[in-house]
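Residue strings, one per chain:
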Amino acid sequence: MTQISYGLFSELLLVRIHGRAEAYLQASSAERLALVAACRSEATVPDLAQRILSRTIYAQASSRIGPLRELLQNALDASPPGARIDVRSTEDGREISVTDQGRGMSRTELLADLLVPFRSGKAGEPDAIGEHGIGFFSALEIAPWIEVVTATPLGGHRLLVAPLGAGPPYEDFSWTLLSLHRLSPAPPDDGGPARAPAPPRRPTTGTSVRLSLAQPISRPALAAEVTAAVGLVDPAAARIYVDGALVNTARARLRRAAEVPLRLPPSGALCGALELLVGRGDGIEPQLTITQKGLTVATRIDPFPGPELGLHRELARAITAAGFGLVAELPLGVPLNKGRSAVAASASTAVEAALVAAFERFILRDALYDRELLRAVDHRLSSVLDRFVHAALLGETLMIASAQGVDELDPAARTPTVAAPEQVIRFASGLLDAPLFRSLVVDAGQRPPGAALSPLLGQLHVRSAPLTLRELLQAHRAGVLRPLETAPPGPGRSAARWPLGASAAAPGAAAGREAPGARPGELVYLALDEPLAQAFWRRLASEGAASQPLEAAAAAAPTRAPGAAPCPMPRTSRDALLTIAAEVPGVRAVAAAMTVIERLDAVISESADLTPSPIWVHQDLYGPDEMAHTDGSGISVNLASSRVRALLTAVLLRDDAIAFTALTDLLLHEKTHVSLASYVPRPTAEHGTSFYRRKDWMRRRLLAAIASGAVADPMRWLAVARRGLASAALPAPAELSRAFQSAAAAA
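Analysis parameters
Residues numbered from 1 in each chain as written. Predicted model: local features only at pLDDT ≥ 70, side-chain atom pairs only at ≥ 80, totals over all residues. Heavy atoms only, no water. Helix = DSSP H or I, 4+ residues; strand = E, 2+ residues; numbered from the N terminus. Buried < 20%, exposed > 50% of the residue type's maximum accessible area, 1.4 Å probe, protein only. Contact = heavy atoms within 4.5 Å. Salt bridge = Lys/Arg side-chain N within 4 Å of Asp/Glu carboxyl O. Core = buried A, V, L, I, M, F, W, Y, C linked by side-chain atoms within 4.5 Å. pLDDT = per-residue confidence, 0-100. Phe/Tyr/Trp six-rings, centres within 6.5 Å; stacked < 30°, edge-to-face > 60°. Pairing = 2+ DSSP bridges. Axes fitted to C-alpha atoms, helices over the stretch in contact; angles between N-to-C directions. Parallel < 35°, antiparallel > 145°, perpendicular 65-115°, else oblique. Left-handed = near helix turned anticlockwise from the far one by under 90°. Nonpolar A, V, L, I, M, F, W, Y, C, P; charged D, E, K, R; others polar. Patch = residues over 30% accessible without salt bridge, like charges linked within 9 Å, V, L, I, M, F, W, Y side chains within 5 Å. Areas by Shrake-Rupley, 256 points an atom, 1.4 Å probe, with all protein chains shown as cover. Expected span 1.5 Å × (residues − 1).

## Thoughts on the overall build of the protein chain
Counting its regular elements, the protein chain contains 22 helices and 22 strands. Buried residues in the protein chain amount to 50% of all 747 residues. For the protein chain, the proportion of contacts with a sequence separation of at least 24, taken over those separated by at least 6, is 69%.

This is the structure we're talking about:
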């Protein structure tokens, strides 16, 4: 005989609040009514249970993905490793079902845990994700009518849920529970000869949740939403199908790139390790995806907002722009908010710190040695490292702490500046001191002058040395750095292979290296078969003096000494500059550079439907670290900034794509400020997630406009700007400052 029970959600919650849940579950129908009436008479707020239910159901999810993720999470927790989970929909899209092969639920679990908010039957299960006991209720927002059919080895149950009253939102929900007895199959008796009894079959267990949706969904949309929620789940944990198609296939294209222990405040107890995975291909979006047990928690297009993580942000953008996706897998001990759409506030600071540390480890110990990734992001990574090379070649002191571990930074060694907070300095230090470049170090005294290196390898004392960017710059300054165009052949080895052991510098090669760099009397040969080495050598070549008059003049140009006193000059236009400082050597080069900047601003403005901005120049008005400044309309460039001087000189020397790209990025940055200042309050227009999204949008608009021919490529103007220019040397900041001080005194 089928046993039938029925009641209201609010009644289950009410008796739970008053501590009479066990008596309610064991009572008959009449006794249950009496218990509920007694609890209501004792309640201070008569409709408290209905209020809690409404807040629980209608204040969790912001989209349909949230309830689907909760149902799949329950199925995942209940299923054995590698089991199949099926999501199916009807052709009209009005019903979907989620079916697992888990252990099923008993009558008590259905009534005491599933239908009561903030009660979870997963307590004490270390591999379970659910902890709040409200996941099932989120499904009622998109599907007020739900049927749950569940089977355990001892029997089965069918639960029907229906709304009460007019809605949504509905004031309450009714439940009806029917028991489904499981009869063991008996052998057939057909009167024939006796047969051996068939071995007993293991009863089928599992749960199927059928949703009658308030709004229909198409099958492609269902597949997309389920994939967004569970596409990164490891198939070893569960194979998830949507209408017969496997959707969690992306995990096979991800590899573990870094791992950082995670300790939660305030106790500092270790709750596991945050894992950073990287990959690209179908199902992997070029963004940062935060997951827990493979289930999507949140996504970020810009993983590292804020000026203190500028270097991290640029490198992350380089990686995602090349199509790679980053996945941060949280340990199960990290608490999430009630809607499971973000890390709980109590743990967010610790998670963000672990994410930054994991990204740094990925870059320093993995990405810079990954040939495939490097070839995809070469142009972006080289432009990021380019600022260090420029500063060193111009004789600047690199304000970077000494090489230390990613996680162990000596507080006494912090050297933050206005433009470079401590986090950026620490990370930049690791980039400068990572052994990225494969090199040969040769005793120069044994090599005859002018002799080729390859035939003499068997006769010379040669050692391999994975060198750092800092060591290569030191070798360049000492005049002992040479290019090695191809890997030298060795006995029994092809010239196409590197004959020195490893195919690349090992990530841990920085520790314990003997005599890093070159000793006195040694030459360093840099292997140019790696993308970063090629970019580095191109930069050195572009800075070297050659036979061209412009380059010779630029090489002889005065440079600003590190730590020199400020040389202020007011913001001025090109016409005023040519009038006041016409006799200062190098002013014509500044005018030519302003022509290039004006053309860049014009194409950026046209591609983004903005008004062109006035272009000015100044010196040391806003600090030595600021390259450019905007007042919300015009853009002014700091001629006293060594980085600006290096960029302008490289652009005027020749068609230097790297320097021109960096100059374009500088103009895009300032133009983004201008575009936001036109309609956004100034505090909101400062650096933040919305600012960098706007900047990326403007960059994409510019590239699309150039590709379609809507605007002319601004690099074509370089030859026009250089026409008639005898020298690319910029004026010394002190001379420009004196010229304007004299003009002010005369006035």
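## Examining the pattern of salt bridges
Tallying each qualifying case throughout the model produces 21 salt bridges. Between Glu-275 and Arg-256 there is a salt bridge, and its shortest N-O distance comes to 3.1 Å. Here the residue Glu-275 occupies a position in strand β11 (residues 269–279), and Arg-256 occupies one in strand β10 (residues 254–264), the gap between them amounting to 19 residues. Connected through shared salt-bridge partners, Asp-302, Arg-317, Asp-665, Lys-695, Asp-696 and Arg-699 make up one network.

## Things to note about the side chain of Ser-89
Its location among the elements puts Ser-89 in strand β2 (residues 83–89). If we skip the residues at most four places from it in the chain, Ser-89 touches Glu-95, Ile-96, Arg-219, Leu-222 and Asp-243.

## Things to note about the nonpolar core
Counting residues in hydrophobic clusters, the biggest one holds 69 residues, and the most contacted among them are Phe-359, Phe-362, Ile-363, Phe-437 and Phe-536. The element that contributes the greatest number of residues to this core is helix α10 (residues 345–365), accounting for 12 residues. Leave out the neighbours within four places in its chain, and Phe-362 touches Arg-255, Ala-257, Ala-258, Leu-276, Val-278, Ile-319, Leu-326, Ala-367 and Leu-373.

## Looking at the confidence of the model for the protein chain
Mean pLDDT over the protein chain works out to 76, with 73% of the residues at or above the 70 mark. For residues 183–190, every residue scores under 50 in pLDDT, and the model assigns this stretch 2 contacts once sequence neighbours within four places are set aside. Confidence drops under pLDDT 50 across residues 198–203; counting only partners more than four residues distant or on other chains, this segment forms 3 contacts.

## So, the packing of aromatic side chains
What the rule picks out here adds up to 4 aromatic pairs. Taken together, a centroid distance of 5.9 Å and an interplanar angle of 40 degrees make the contact between Phe-9 and Phe-173 tilted. With Phe-9 in helix α1 (residues 9–17) and Phe-173 in strand β6 (residues 172–180), this residue pair connects regions lying 164 residues apart in the sequence. Owing to a relative accessible area of 0%, Phe-9 belongs among the buried residues under this scheme. Where Tyr-170 meets Phe-173, the ring centres are 5.9 Å apart and the plane angle is 70 degrees; that geometry is what we call edge-to-face.

## Some points on unusual backbone geometry
Of note, the amide linkage connecting Pro-265 to Pro-266 takes the cis form, showing an omega dihedral of 0 degrees. If you trace the backbone, Pro-266 turns up in the loop between β10 and β11. The backbone of Asp-609 shows a phi angle near 60 degrees, a positive value even though the residue is not glycine. Backbone geometry places Asp-620, a non-glycine residue, at a positive phi of 55 degrees.

## As for the sheet that holds strand β17 (residues 481–484)
Across the sheet, 4 strands lie side by side as β16-β15-β18-β17; this open sheet has mixed pairing. A strand with exactly one partner marks an edge of an open sheet, and here the two such strands are β16 (462–464) and β17. Across the sheet, the mean angle from the axis of one strand to that of its neighbour is 30 degrees, orientation sign disregarded. In this sheet, strand β18 (residues 522–527) lies alongside strand β15 (residues 439–443) in antiparallel orientation, the contact comprising 5 bridges. Looking at β18, one finds that Ser-439 is bridged to Leu-526.

## Some points on the packing of helix α17 (residues 587–607) against helix α19 (residues 657–677)
For the pair α17 and α19, interaxial distance at closest approach is 10 Å and the crossing angle is 60 degrees. The orientation of α17 with respect to α19, classified from their angle, is oblique. By crossing handedness, the relation of α17 to α19 is classed as right-handed. Residues Val-596, Ile-597, Leu-600, Asp-601, Ile-604 and Ser-605 of α17 form the contact with α19, whose own contacting residues are Phe-660, Leu-663, Thr-664, Leu-667, Leu-668 and Lys-671. Per-class residue counts for the contact of α17 with α19 are 8 nonpolar, 2 polar and 2 charged.

## Observations regarding the sheet that holds strand β22 (residues 635–638)
The mixed open sheet is built from 4 strands, whose spatial order is β19-β20-β22-β21. On the outer flanks of this sheet lie β19 (569–572) and β21 (628–630), each paired with one strand and no other. Taking each pair of neighbouring strands and ignoring which way they run, the sheet shows an average axis angle of 20 degrees. When strand β20 (residues 615–619) meets β22, the two strands line up parallel, connected through 4 bridges.

## Here we look at the pairing of β15
With 4 of 5 residues buried, β15 lies mostly within the body of the structure. Both β15 and β16 contribute to a ladder of 3 bridges, which runs antiparallel. In the sheet register, Val-441 faces β16, and the bridge partner there is Arg-463.

## Things to note about a nonpolar patch on the surface
Among the surface-exposed residues, Ile-17, Val-45 and Leu-48 lie close enough to one another that they form a single nonpolar patch of about 220 Å² accessible area. Locating Val-45 in the fold gives a position in the loop between α3 (29–42) and α4 (48–58). For Val-45, a relative accessible area of 32% puts it in the partly exposed group.

## Overview of helix α5 (residues 65–78)
The end-to-end C-alpha separation of α5 is 20 Å, in line with the 20 Å expected for 14 residues at 1.5 Å each. Among the 14 residues that make up α5, 11 are buried, leaving the element largely enclosed by the rest of the structure. Three or more residues of α5 are buried, namely Gly-66, Pro-67, Leu-68, Arg-69, Glu-70, Leu-71, Leu-72, Gln-73, Ala-75, Leu-76 and Asp-77.

## Concerning the packing of helix α9 (residues 310–321) against α10
Packing of α9 against α10 brings their axes to within 11 Å, and their N-to-C directions diverge by 60 degrees. Judged by the inter-axis angle, α9 sits oblique to α10. Relative to α10, α9 is oriented so that their crossing is left-handed. For the pair α9 and α10, contact is made by His-312, Leu-315, Ala-316 and Ile-319 and by Val-356, Phe-359, Glu-360, Phe-362 and Ile-363, respectively. For the contact of α9 with α10, the class distribution of residues is 7 nonpolar, 1 polar and 1 charged.

## Structural notes on the pairing of β22
With burial as the criterion, each face of β22 is covered, one bearing Ile-635 and Val-637 and the other bearing Ser-636 and Asn-638. Taken together, β21 and the strand that follows it, β22, pair antiparallel across an intervening segment of 4 residues, in which Gly-632 is found at a positive phi of about 100 degrees.

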